[in-house]
Amino acid sequence: DTEAGQFMALGLPLPDAVKDAAGCPACGDTGFAGRSLLIELLPVDDAMRSAVRDDDARALADLAPPNRALRSHGFTLAAAGVTSIAEVLRVVDAS
């Protein structure tokens with residue numbers, strides 16, 4: 001998918017530009033300074049509570065919603081220049 005397509009798929013407005021992370025000696029060539037929080041709250045219902053109690057990883061995976069909200073929040077941060085899309089995808093796709 002293109003960056004524009006990913007923004008549209010999330011229902012987010014397309015920003016004028018999205019920065020790529022460019023490294024320098026001050027940031028250790030990462031392109032980032034400091035840290036930003038990318039979080040999503042997961043409400044726990046009885047079925048999820050039961051899966052946790054039973055240590056049922058398959059049931060937990062089936063019950064967990066897709067990380068659309070997490071990805072959306074990350075793309076919003078990328079549009080604001082706080083992070084890069086590559087970093088959002090690295091973190092969200094790893095979860």
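Basis of the calculations
- Residues numbered from 1 in each chain as written.
- Predicted model: local features only at pLDDT ≥ 70, side-chain atom pairs only at ≥ 80, totals over all residues.
- Heavy atoms only, no water.
- Helix = DSSP H or I, 4+ residues; strand = E, 2+ residues; numbered from the N terminus.
- Buried < 20%, exposed > 50% of the residue type's maximum accessible area, 1.4 Å probe, protein only.
- Contact = heavy atoms within 4.5 Å.
- Core = buried A, V, L, I, M, F, W, Y, C linked by side-chain atoms within 4.5 Å.
- Expected span 1.5 Å × (residues − 1).
- Salt bridge = Lys/Arg side-chain N within 4 Å of Asp/Glu carboxyl O.
- Polar contact = N/O pair within 3.5 Å; in protein donor to acceptor, adjacent residues only side chain to side chain.

(A) Region of interest: unusual backbone geometry. Positive phi values are uncommon outside glycine, yet D55 reaches one of about 55°. Within the secondary structure layout, D55 lies in the loop between α2 (46-53) and α3 (57-63). Judged by its relative accessible area of 69%, D55 is exposed.

(B) Main features of the environment of V82. Note that V82 resides in the loop between α4 (68-79) and α5 (85-94). In this structure V82 comes out as partly exposed when scored by relative accessible area, which is 38%. Sequence-wise, V82 and L41 are 41 residues apart; in three dimensions their C-alpha atoms are separated by 21 Å. With residues up to four places along the chain from it excluded, the contact list for V82 reads F32, S36 and L77.

(C) Inspection of the nonpolar core at higher detail. Membership of the largest hydrophobic core is limited to nine residues, which are F7, L10, L12, L70, F75, A78, I85, V88 and V92. Elements supplying a minimum of two residues to this core: α4 and α5.

(D) Spatial organisation of α4. In this model α4 runs 16 Å from its N-terminal to its C-terminal C-alpha over twelve residues, within 8% of the 16 Å that 1.5 Å per residue would give. Where α4 is concerned, the buried positions are L70, S72, G74, F75, L77 and A78. Positioned one or two residues after α4, G81 has a phi angle of 85°, which is positive.

(E) Spatial organisation of the pattern of salt bridges. The full count for this structure, using the stated rule, is two salt bridges. A salt bridge links R49 to D46, with the shortest nitrogen-to-oxygen separation between them at 2.8 Å. Residue R49 and its partner D46 are both found in helix α2; the two are separated by three residues, about one turn of the helix. By relative accessible area, R49 is classed as partly exposed at 42%. Taking the shortest distance from any N to any O, the salt bridge between E87 and R90 comes out at 2.7 Å. Of the two residues, E87 and R90 both sit in helix α5, three residues apart, roughly one turn of that helix. Taking the relative accessible area as the measure of exposure, R90 reaches 52% and is therefore exposed.

(F) Spatial organisation of α2. For α2, the N-terminal capping position is held by D45, with its side-chain oxygen 3.3 Å away from the main-chain nitrogen of A47. One or two positions beyond α2, positive phi appears at D55, with a value near 55°.

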